[in-house]
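Residue strings, one per chain:
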Amino acid sequence: MASAEQTKQGFMLSKKHKAGLLNFLSAQGILVFFLICMFAFSLFSEQFLSQSNIMTVVRQASIIGIIAVGVTVVIIGGNLDLSVGSMLSFSTVLVVDLHDKIGPTGAILLMFALTLMLGAVNGFLVGFMRLNSLIVTLAMLSAIQGLVLIYSGGQNVDIANQSDTWFSVFGRGYLMGIAVPVIIFALLAIIVQVVMSFTGYGRRIFAIGGNPVAAVYSGIRKNWCVFSTYLISAFCVACAALVLGSRVMGSQNNVGQGYELLVLAGIILGGTSLLGGAGSIWKTVIGVLILGFIQNGLLLMGYPYYTQWLVTWVIIIIAVWLDLANKRKRLLTSHS
Amino acid sequence: MSTATVTHTAGASAHGEAPILSLVEITKKFPGVIALNKVSLDVRAGEVHALLGENGAGKSTLMKVLAGKHIPNGGQILLEGEEKVFENPKQAKQSGIVLIHQEQSLVPEMSVAENIYLGSLPKKWGNRVDWKTLHRDSTAILDRLKCSFSSKDLVSDLSIAKKQMVEIARALVFTPKIVVFDEPTASLTDHEKPVLYEIINTLRDQGVGIVYISHRMDEIFHLSQRISVLRDGEYNGTVNTADTNEDEVTKLMIGRSLELDHASKPKDFGENMLELRGLTVDGVFEDVSFSVRKGEIVGMYGLVGAGRSEVAETIFGLRKISSGEMLLDGKAEHIHSTHDAVAEGIALVPEDRKDQGLILGMNCRDNMTLAGLETVSSNGFMKPAAEKLVYDKYQQAMKIKTPSWRQKVGNLSGGNQQKIVIGKWLHTHPKLLILDEPTRGIDVGSKAEIHALIKDLAKTGYAVLVISSEMPEVLGVSNRIVAMYDGKVTAEFDGDEVSEDALVQAITGQYVTSGDASADRPVT
Amino acid sequence: MIDMKRFMSGGMGIQPIWIFVIVITIFFSVMSDYFLSVGNLTNILVQTSTIGLIALGMTYVMINGNIDLSVGATLGLAASLSVGLQDYGLTVAVLVAIATGVALGALNGLLVWKTGVNAFIVTLGAMIGVRGLIFVYTEEQSFYASNFAFSDFGASSIGPIPVLAIIFLLCTLAMHLVLRRTGHGRNTFAVGGNPEAALDAGIRIGRNMMINFMIVGFFAALAGVLLATQMGAATPNLGRDYELWTITAVVLGGTKLTGGYGSITGTLGGVLAIGVLRNGMNMMQVPAFYVLVILGVILVTVLIIDQQISVKSSKGVQV
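Residues numbered from 1 in each chain as written. Chains lettered and ligands numbered in written order. Predicted model: local features only at pLDDT ≥ 70, side-chain atom pairs only at ≥ 80, totals over all residues.

Under an unreviewed UniProt entry, chain B has the name Sugar ABC transporter ATP-binding protein and belongs to Halomonas aquatica.

Within an unreviewed UniProt entry, the label attached to chain A reads ABC transporter permease, and the organism entered is Halomonas aquatica. Reading the Subcellular location (unreviewed entry) entry of the UniProt record for chain A gives the comment "Cell inner membrane". Listed under Sequence similarities (unreviewed entry) in UniProt, the entry text for chain A is "Belongs to the binding-protein-dependent transport system permease family. AraH/RbsC subfamily." (UniProt positions renumbered as here; feature names shortened; annotations may be inferred.)

A. Local environment of the overall build of chain B. What chain B contains, in helices and strands, is 17 helices and 24 strands. The buried share of chain B, reckoned over its 524 residues, is 49%. Expressed as a percentage of contacts within chain B between residues at least 6 apart in sequence, the contacts between residues at least 24 apart total 69%. (Helix = DSSP H or I, 4+ residues; strand = E, 2+ residues; numbered from the N terminus. Buried ≥ 20, exposed ≤ 12 C-beta atoms within 10 Å, placed from the backbone. Contact = placed C-beta atoms within 7 Å.)

B. How the structure looks around the overall build of chain A. When helices and strands are counted, chain A shows 12 helices and four strands. Counting only residues that meet the buried cut, chain A has 54% of its 336 residues in that class. In chain A, 79% of the contacts between residues at least 6 apart in sequence involve partners at least 24 apart.

C. Spotlight on the packing of helix α7 (residues 200-210) of chain A against helix α9 (residues 222-248) of chain A. Residue and element names in this part refer to chain A. Viewed as axis vectors pointing N to C, α7 and α9 meet at an angle of 105°, and their least axial separation amounts to 10 Å. Taken together, α7 and α9 sit at an angle that is classed as roughly perpendicular. Within the contact between the two elements, α7 uses Arg-204, Ile-205 and Ile-208 and α9 uses Lys-222, Cys-225, Val-226 and Thr-229. Classifying every residue of the contact of α7 with α9 gives four nonpolar, one polar and two charged. (Axes fitted to C-alpha atoms, helices over the stretch in contact; angles between N-to-C directions. Parallel < 35°, antiparallel > 145°, perpendicular 65-115°, else oblique. Nonpolar A, V, L, I, M, F, W, Y, C, P; charged D, E, K, R; others polar.)

D. Inspection of the sheet that holds strand β3 (residues 48-52) of chain B at higher detail. Residues and elements named next belong to chain B. The mixed open sheet is built from six strands, whose spatial order is β6-β9-β10-β3-β11-β12. Both edges of this open sheet fall to β6 (97-100) and β12 (234-240), since each of them pairs with a single strand only. Direction aside, the axes of adjacent strands within the sheet are offset by 20° on average. Judged from the five bridges that link them, strand β11 (residues 226-231) and β12 form a sheet pairing that is antiparallel. The residue bridging Arg-226 from the neighbouring strand is Asn-240, located in β12. Of the strands in this sheet, β3, β9 (178-182) and β10 (209-213) are in contact with helix α6 (residues 193-205), which crosses β10 at around 150°. (Pairing = 2+ DSSP bridges.)

E. Main features of the interface of chain C and chain A. With 38 residues of chain C at the contact, the number on the chain A side is 40 residues. Elements represented by at least two residues in the side of chain C that touches chain A include exactly α5 (90-115), α6 (119-138), α12 (242-252) and α14 (288-313) of chain C. Take the side of chain C that touches chain A: its biggest share by element is 14 residues, from α6(C). Here the side of chain C that touches chain A is composed, by residue class, of 27 nonpolar, 10 polar and one charged.

F. The arrangement of unusual backbone geometry in detail. Residues and elements named next belong to chain B. In this structure, Lys-38 takes a positive phi of about 45° despite not being glycine. Within the secondary structure, Lys-38 is located in strand β2 (residues 33-43). Given 14 C-beta atoms within a 10 Å radius, Lys-38 is considered partly exposed. Phi at Asp-486 is positive, roughly 55°, even though this residue is not glycine. With respect to the element layout, Asp-486 can be found in the loop between β23 (480-485) and β24 (488-494). For Asp-486, a count of 16 C-beta atoms within 10 Å corresponds to the partly exposed category.

G. Up close: the UniProt feature "transmembrane region" (unreviewed entry) in chain A. All names here are of chain A. The residues that UniProt annotates with the feature "transmembrane region" (unreviewed entry) are residues 21-43, 63-96, 108-128, 134-153, 174-196, 227-249, 261-294 and 306-324. Regarding residues 108-128, the helix share stands at 100% and the strand share at 0%, and the terminal C-alpha atoms are separated by 29 Å. Secondary structure over residues 227-249 splits into 96% helix and 0% strand, and the C-alpha atoms at its two ends are 32 Å apart.

H. Molecular detail of the confidence of the model for chain B. Residues and elements named next belong to chain B. Taken as a whole, chain B shows an average pLDDT of 84; of its residues, 88% reach a score of 70 or greater. When the criterion is pLDDT under 50, residues 1-16 qualifies, and its contacts beyond four places in sequence or with other chains add up to 25 contacts. The ipTM, which scores confidence in the relative placement of chains, is 0.84 for this predicted complex, and the corresponding pTM is 0.85. (pLDDT = per-residue confidence, 0-100.)

I. Structural view of helix α3 (residues 38-63) of chain C. All names here are of chain C. Considering bend angle alone, the principal kink of α3 is centred on Ser-49 and spans about 55°. α3 sits mainly inside the fold: 19 of its 26 residues count as buried. Following α3 by one or two positions, Gly-65 has its phi on the positive side, about 90°. (Bend = angle between axes of the 7 residues up to and from the residue.)

J. Structural context of the nonpolar core. One finds A:Ile66, A:Ile67, A:Ala240, B:Val180, B:Ile434 and C:Ile54 to be the most contacted residues of the largest nonpolar core, which totals 365 residues. Here A:Ile67 is in contact with A:Val84, A:Leu88, A:Cys236, A:Val237, A:Ala240, A:Tyr259 and A:Val263, once residues within four sequence places are set aside. (Core = buried A, V, L, I, M, F, W, Y, C linked by C-beta atoms within 7 Å.)

K. Broad picture of helix α17 (residues 500-507) of chain B. Within α17(B) the residues assigned to the buried category are B:Leu503, B:Gln505, B:Ala506 and B:Ile507. As for α17(B), its buried residues are in contact with β15 (297-301), α16 (471-477), β23 and β24 of chain B.

L. Looking closely at the pairing of β23(B). Residues and elements named next belong to chain B. Of all the six residues making up β23, six are buried; the element is thus mostly covered by neighbouring parts of the structure. A two-sided burial pattern is seen for β23, the buried positions comprising Arg-480, Val-482 and Met-484 on one face and Ile-481, Ala-483 and Tyr-485 on the other. Where β15 meets β23, four bridges bridge the pair, whose relative direction is parallel. Each residue of the ladder has a partner; that of Val-298, found in β23, is Arg-480. In the sheet, β23 pairs with β24 via six bridges, with the strands oriented antiparallel. Paired with Tyr-485 across the strands is Lys-488, a residue of β24.

M. Focus on the interface of chain A and chain B. On the side of chain B, 31 residues touch chain A, which itself brings 24 residues to the contact. Breaking the side of chain A that touches chain B down by element, the ones donating at least two residues are α1 (2-44), α7 and α8 (212-216) of chain A. Considering each element in turn, the side of chain A that touches chain B owes the most residues, six residues, to α7(A). Here the side of chain A that touches chain B is built from residues that sort into 11 nonpolar, 10 polar and three charged.

N. Looking closely at the sheet that holds strand β21 (residues 432-436) of chain B. Residue and element names in this part refer to chain B. Overall, mixed pairing links the six strands, which are arranged β18-β21-β22-β15-β23-β24 in an open sheet. Looking along the sheet, the strands with just one partner apiece sit at the ends: β18 (346-349) and β24. When strand polarity is set aside, the average angle formed by the axes of neighbouring strands in this sheet is 20°. Lying over the sheet, helix α9 (residues 308-315) contacts β15, β18, β21, β22 (463-468) and β23, oriented at roughly 150° with respect to β21.

The structure is reproduced here in structure tokens:
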């Protein structure tokens, strides 16, 4: 019996020891990894850490970032939104196409209204009908892509007179030396972070994601709250479409294809759990920027753009292992 | 009461027979609680050994240790004199120890036969399932159990009682040495119980050691040869069934006699706060009528599945009323959601603390304020200082033990978790407080505190409805008791007049004596 | 309600998706004379065989309660390898391509098993990464098959029936039998239906999941190779969105995302529903993008019906 006891204790000890080593890494793992990458890239390329390069990266990352802000809210609420890619195509095609037909103001307003309606459909099906969000938004991904193609007749759209419209400000403009997309991204991130951290609404979303049953048993109107997260997600997509349409001044009808996955990759890299009830906008911002800087760094080092996909895969695997280490640590420290 | 028959050392058996199984000083710790503290127990071949204890006394934990589901922090398991260390349930099973679960552990979309032989399906070459053998063997086992369903039926189509039979059938696949029944009759009808008793007796006669966990005294005295009692995670003695009576066992179990604990006499209470008139939810419960007055504690007593929690859920807006009325403070109310219910001043401390009561990943403070966010926010923004005040108030009032408000509630002990849930609802200042099994799985100390708290709340004017399946609890706190059986209210008693006899009859639907007198011997 | 439930689950002999398949088949055969011809029907089978093969494996993974998003990328990589390695001989190229698919599946399975992390995340990573591997390997070039035996195989037929359709149907039959009749197949249900009970019964959950990920990897790779034989070429973007089509087909076939429930016959119905719809609408000269919308609507409808039935048959509170 004594030997069994000893081996058991030894087992516990070695686990504790391991957890101690991983402690720091698991808590700040992604940030550490990020800093190491940044350092490595700066060794290879002097440009990398220059102000102009950093601003370029942030500007390029802002479209994915804007969408990721909204999707993070959906995920904290315990659901998924895979339809954002198609929705981005939809909104971009719409705003660009309508620009020449009814003018920029009308185009923007109508685009926001219709995008929010798509979000409302998602929100209704998931929030009120209580359908599985993965399948619903998968179905919407397909259906919205179809809608875009029906609307555009398979043709790409563009704005005829590109130099002569204030519409360009969203994608190409600068305010006090900072690119407008970056400002929109930062503003949205800050506002949503504040809402999630400091308001009763945010608290309810965290509660629903953490335990939907207990949230309902606490008198929270879960259906409305879930519904609203999809409106936030759709609103963010509309903002991203504004930036994208304005920057390109035209749109292919599948321009948003695959964005849902990049967005999710950014969120996962940032460390927001897909299980809901935890996470933050800051984490997502960091995750999206990691993706952006890795892409940029690899390009500056002369690697083709697609190598970033491989690196993203490796990072996700590392993040998954770190998450595991984190879980083990929590299990052990919960003994008090 | 004589205690001469109580042997406090489990190893020494009165008859000098060698036990087939000995548990020696088993200790099991969970975060925040010591579930088992040096518990010892022995079981002989060919006996039914009843294991008694209140909810949370550690019976199920002990049996999970035995069955390899929990790895103990200390102690040893001796099977036929040989030390065993089980790292997983399969090892325990292969050694001949089978646990028949309280929870359903079946795979719903598979056939009965496949569930019986789960993990050890008979095979032909190429890993193909040998259906012929499988169904022949399964049918043989089902026949032994006198089951009316086929081995080819899907488990998801079976009633709960039949599922229970499948669980038992599963135990008979291996020739077991020890079979543990954990509350096997909880979901069985009176018609099905004698069949189970027969099975247990047959197994016993074949030399199997049987551990029988139950709350029901009649069953225990009917079936067992010896009774061991756990209290608050500790071993509290073993008695020979023939030499003891229910009073003595009850004392061992809860450390006091029941009579002392009756609630104070009903006095003049206020107006009706809640009144149900013929409330019916189709297929769940029907024609439920009773009332709860201001300052009154009404106990709702019944077996699991009698429809008690469902009534509470309906009052709280979680179920749609088919017919009947619900009056709150004298007015007919239509409550369609939990949000409406909270707005009308109804609070529900739910049965399942972890799944329904708490967001385990959230901290103590945030859980505490979750049902009353409006009061600690302005213009939608949280006021952390106000939240802290609320938390401090209830933390101190209820003596919640936690290192800090930042502690995740998942790390607290059951008693402290329950206090957080109660605090959450006190913060909303409800008119009607419903508590569903408020002390399930909670240690004895916290239990007494929660009982005292409930009584204090009633004194300050709350209307309280307490749902419980523990008789001492219902008798201890209630001014009035409503008994439910099979979706109907069968009787209503004043708290000081009720006899245990009458209560047991009311919740088992036995106003008319049933045919099998031996199986349903009335409690004396 | 029990009857309705049995009906939905196919317990009464026919799954609802098959009724849909029959209805649209009748509809299209009324609308177009050519639709019911042997040529067109075998054509549908060939067209759907790619998604169909992957869906066979995906059914296993989803009954396990997992999901695999990386199948499209695996298909693309296997296609590129099977064409790009033909200098080393056709057999070598095909074997390497399929082995790669199995290995990628094993990697996914291992990660899900060892880390306990949601398969969605693990395979999302693989989906992005494997596409990266394709681009690194092909350097963004399309490969064309130099060996004519390779592309001839894709167009060959035995009697009136194309070889690809035969392969698909044989694989479907085999996977159906394995799922219904073997220990592995039954354990797959147990693992998805009640993992704790499966663990208690001594079923090796991790191993079961990993094998299923390897199976779906195998079928994705096989589908990739066969698609390459059809086209006589492989492009680096081959297989994009196939994971979405595959999951759609499997869910249409009644397999539940929560695991423990599903069938190969249902999946076959789901695959054919998509195939018939695409083919029939194409025949009626309806632009392909309407199919996307219709599929989305059908998917949501299936989900709603399924949910209404489970709500009615359960006594619990719905929150």
